[in-house]
Amino acid sequence: MLIILIAIAVIFSMFAELFYGYFADRHQPGWVRPEVNEHAAIMRQLGRMRSNRFEF
């Protein structure tokens, strides 16, 4: 039973992630200059990389 609950939780989490990404992209303002959107994308990538930056 526990395995079934974990599988359902994983599937629900994957769907939630997909829907969040879809709606976040749809609600991104279209009037913003492309350079600003590109800068935001670069900063998001750097934010993910910074946590691993000082690992040895």
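As the structure is a prediction and not an experimental result, all values here were calculated from the model.

(A) Quick look at the overall build of the protein. Along its length, the protein carries two helices and zero strands. Buried residues in the protein amount to 2% of all 56 residues. Surface accessibility of the protein: about 5800 Å² in total, with carbon and sulfur atoms responsible for 69%.

(B) Up close: the packing of aromatic side chains. This model, assessed by the stated rule, comprises one aromatic pair. For the ring pair Tyr 22 and Phe 23, a centre distance of 5.2 Å and an interplane angle of 70° mean the geometry is edge-to-face. According to the relative accessible area criterion, Tyr 22 is partly exposed, its value standing at 44%.

(C) Layout of a nonpolar patch on the surface. Together, Met 1, Leu 2, Ile 4, Leu 5, Ile 6, Ile 8, Val 10 and Met 14 line one region of the surface with nonpolar side chains, adding up to about 860 Å² of accessible area. Position of Leu 5 relative to the elements: it lies in helix 1 (residues 2–26).

Thresholds applied
- Residues numbered from 1 in each chain as written.
- Predicted model: local features only at pLDDT ≥ 70, side-chain atom pairs only at ≥ 80, totals over all residues.
- Heavy atoms only, no water.
- Helix = DSSP H or I, 4+ residues; strand = E, 2+ residues; numbered from the N terminus.
- Buried < 20%, exposed > 50% of the residue type's maximum accessible area, 1.4 Å probe, protein only.
- Areas by Shrake-Rupley, 256 points an atom, 1.4 Å probe, with all protein chains shown as cover.
- Phe/Tyr/Trp six-rings, centres within 6.5 Å; stacked < 30°, edge-to-face > 60°.
- Patch = residues over 30% accessible without salt bridge, like charges linked within 9 Å, V, L, I, M, F, W, Y side chains within 5 Å.
- Salt bridge = Lys/Arg side-chain N within 4 Å of Asp/Glu carboxyl O.

Keep in mind these values describe shape, not function.
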